[in-house]
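# Secondary and tertiary structure notes
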Amino acid sequence: MSDNTSEYININTDQDLAYLIRKIGDGPIFAEAFKFEPACLRDQLLTALGIQIDEFEQKYFFYDAESNFHISESEHGYLWISTMGLVAKGKLTNNQYVNACEFQYVALSLLLNKAIDLCDDETIYDIDSYSYGYLSKITPTLFNNILFYFETFGKAYLAISNVSIPKTHKLSVIFSQVRQTMFNLHQNDTRFHAQILCTFEQLVKYIGTIPGNFKEQFVKYDDNSGDHTVINFRHNELNKIKNSIDFSYDFIMSYYYDKENVMYLKQGFFIRLLDMAKNDEEKQRITETYGYLKECQ
């Protein structure tokens, strides 16, 4: 995966190094990336800080809990130095919509993992138990985050495709734009079309069945009076949701980093499925399930 640290502070002279050492010792606190050229300046820094070079190169990091000092060397050729402790060094990408999708994927994945763990707790079947009570909290939270995830996913896809992003939370509008873009870019009849866009469409259709002029952005305020969504807490159902989210996230990252060579966008998916069928009965099932992949715009 590409490294997103795009700006480094260059340490090129003894004066640069002396300034950095004073900054580490006297403040202000900071967390920044540094490149050392020539490389000997890096070793001089470690020595000045009392860090054994051989030991550092075994783990490529050093952390002092007492002083809250963290230093680590990246495979991309820079040192990350923090005098404020362990902090993240930056966002994943330079695309705000891809970043938003990443943030929401992390939040939703944690929720799904918690929901799956709940299924392993036998007390969940006792309606007076803490675990069962947790269902009333995690159900709307999951639904809210699933909706927001697909909003960020759709907008990330459009952004990577260099298509204007609709200024709306309405998933039906975002889905329509994503679908149109897919056909415009000849990305139909692909795994993206069959395994990801189909899930997005199912969610949009479900929202359409909720009475009361459902508004996606109102979910977080519990302000859709007609919404009585429930989630079936069974391993297979939750894992289906998780797999769909994982597929879509993997696609977005692949699309962002290698736009011209994404396995999810290889056309001819329907024919490949038919070619793998063992008999006519299986071919018939594939045709009934995925026949829509052959449709034109």
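Residues numbered from 1 in each chain as written. Predicted model: local features only at pLDDT ≥ 70, side-chain atom pairs only at ≥ 80, totals over all residues. Heavy atoms only, no water.

### Some words on the nonpolar core
Membership of the largest hydrophobic core comes to 54 residues, with the highest contact counts inside it found for Phe153, Phe192, Phe233, Phe251 and Ile252. Listed by contribution, the elements that provide at least two residues to this core are α4 (96-119), α5 (130-160), α6 (171-184), α7 (191-209) and α8 (235-257). Examining the composition of this core, we find that 14 residues originate from one element, α5, more than from any other. Phe251 has contacts with Phe153, Tyr157, Phe192, Ile196, Val262, Tyr264 and Leu265, leaving out every residue within four places of it along the chain. Grouped together as the second largest cluster of nonpolar side chains are 16 residues, Ile24, Leu41, Ile51 and Leu79 included. (Core = buried A, V, L, I, M, F, W, Y, C linked by side-chain atoms within 4.5 Å. Buried < 20%, exposed > 50% of the residue type's maximum accessible area, 1.4 Å probe, protein only. Helix = DSSP H or I, 4+ residues; strand = E, 2+ residues; numbered from the N terminus. Contact = heavy atoms within 4.5 Å.)

### What to know about the pairing of strand β2 (residues 31-36)
Strand direction decides the pairing type here: strand β1 (residues 9-11) and β2, joined by 3 bridges, are parallel. Looking at the pairing, Ile11 lines up with Phe36 of β2. Each parallel crossover has a hand, and for β1 linked through helix α1 (residues 14-26) to β2 it is right-handed. Of the strand pairs in this sheet, β2 and strand β5 (residues 79-82) are connected by 4 bridges, and their pairing is antiparallel. Across the sheet, the residue bridging to Glu32 is Ile81, located in β5. (Pairing = 2+ DSSP bridges. Right-handed = clockwise from strand over helix to strand, strands pointing away.)

### Considering the packing of α7 against α8
Relative orientation of the contacting elements α7 and α8 amounts to 125 degrees, with a least axis distance of 10 Å. Between α7 and α8, the angle falls in the class oblique. Note on packing geometry: the crossing formed by α7 with α8 is left-handed. Here α7 contributes Arg191, Phe192, Gln195, Ile196 and Thr199 to the contact with α8, which in turn contributes Ser244, Phe247, Ser248 and Phe251. Along the lines of polarity and charge, the residues of the contact of α7 with α8 split into 4 nonpolar, 4 polar and 1 charged. (Axes fitted to C-alpha atoms, helices over the stretch in contact; angles between N-to-C directions. Parallel < 35°, antiparallel > 145°, perpendicular 65-115°, else oblique. Left-handed = near helix turned anticlockwise from the far one by under 90°. Nonpolar A, V, L, I, M, F, W, Y, C, P; charged D, E, K, R; others polar.)

### A short note on unusual backbone geometry
Apart from glycine, the bulk of residues carry a negative phi angle, and the bulk of peptide bonds sit in the trans form. The residue after Gly27, namely Pro28, is reached through a cis peptide bond having omega 0 degrees. Within the secondary structure, Pro28 sits in the loop between α1 and β2. Of note in this structure, Asn162 is not a glycine but carries a positive phi near 60 degrees. Looking at the element boundaries, Asn162 is found in the loop between α5 and α6. Look at Asn162 and you get exposed, because its relative accessible area is 66%.

### Here's the deal with the confidence of the model for the protein chain
Overall, the prediction assigns the protein chain a mean pLDDT of 91, with 97% of residues at 70 or greater. In this model, residues 1-5 is a region of pLDDT below 50 whose contacts with residues beyond four sequence positions or in other chains number 16 contacts. (pLDDT = per-residue confidence, 0-100.)

### What to know about the pattern of salt bridges
Side chains bearing opposite charge may pair, as long as their charged atoms lie close to each other. Counted by the stated rule, this structure contains 9 salt bridges. Note that Glu32 and Lys23 form a salt bridge whose closest N and O atoms lie 2.9 Å from each other. Assessed through its relative accessible area of 26%, Glu32 is described here as partly exposed. Ionic pairing is found between Asp43 and Arg42, a salt bridge with its closest N-O pair at 2.7 Å. Asp43 sits in the partly exposed class, given a relative accessible area of 28%. The structure contains a network of salt bridges with shared partners spanning Arg42, Asp43, Glu57 and Glu73. (Salt bridge = Lys/Arg side-chain N within 4 Å of Asp/Glu carboxyl O.)

### Looking at the pairing of strand β4 (residues 69-73)
Side-chain positions along a regular strand alternate between the two faces of the sheet. Burial within β4 is extensive, with 4 of its 5 residues counted as buried. Of the strand pairs in this sheet, strand β3 (residues 61-64) and β4 are connected by 4 bridges, and their pairing is antiparallel. Bridge pairing in β4 links Tyr63 to His70. Count of turn residues in the β3/β4 antiparallel hairpin: 4 residues, of which Asn68 carries a positive phi of about 60 degrees. Alignment of β4 against β5, held across 4 bridges, turns out to be antiparallel. When the bridges of β5 are listed, Glu73 appears paired with Leu79. The hairpin turn running from β4 into β5, its antiparallel successor, is 5 residues long, and Gly77 in that turn takes a positive phi close to 90 degrees.

### Observations concerning the packing of aromatic side chains
In total, this model carries 24 aromatic pairs according to the counting rule given. Plain terms: the ring middles of Phe62 and Phe69 are 6.4 Å apart, the flat faces sit at 55 degrees to each other, and that makes the pair tilted. Since its relative accessible area comes to 28%, Phe62 is described here as partly exposed. Exposure remark for Phe69: the relative accessible area of 9% places this residue in the buried category. Taken together through their ring pairs, the aromatic side chains of Tyr149, Phe150, Phe153, Tyr157, Phe175, Phe192, Phe200, Phe247, Phe251, Tyr255 and Tyr264 make up a single cluster. (Phe/Tyr/Trp six-rings, centres within 6.5 Å; stacked < 30°, edge-to-face > 60°.)

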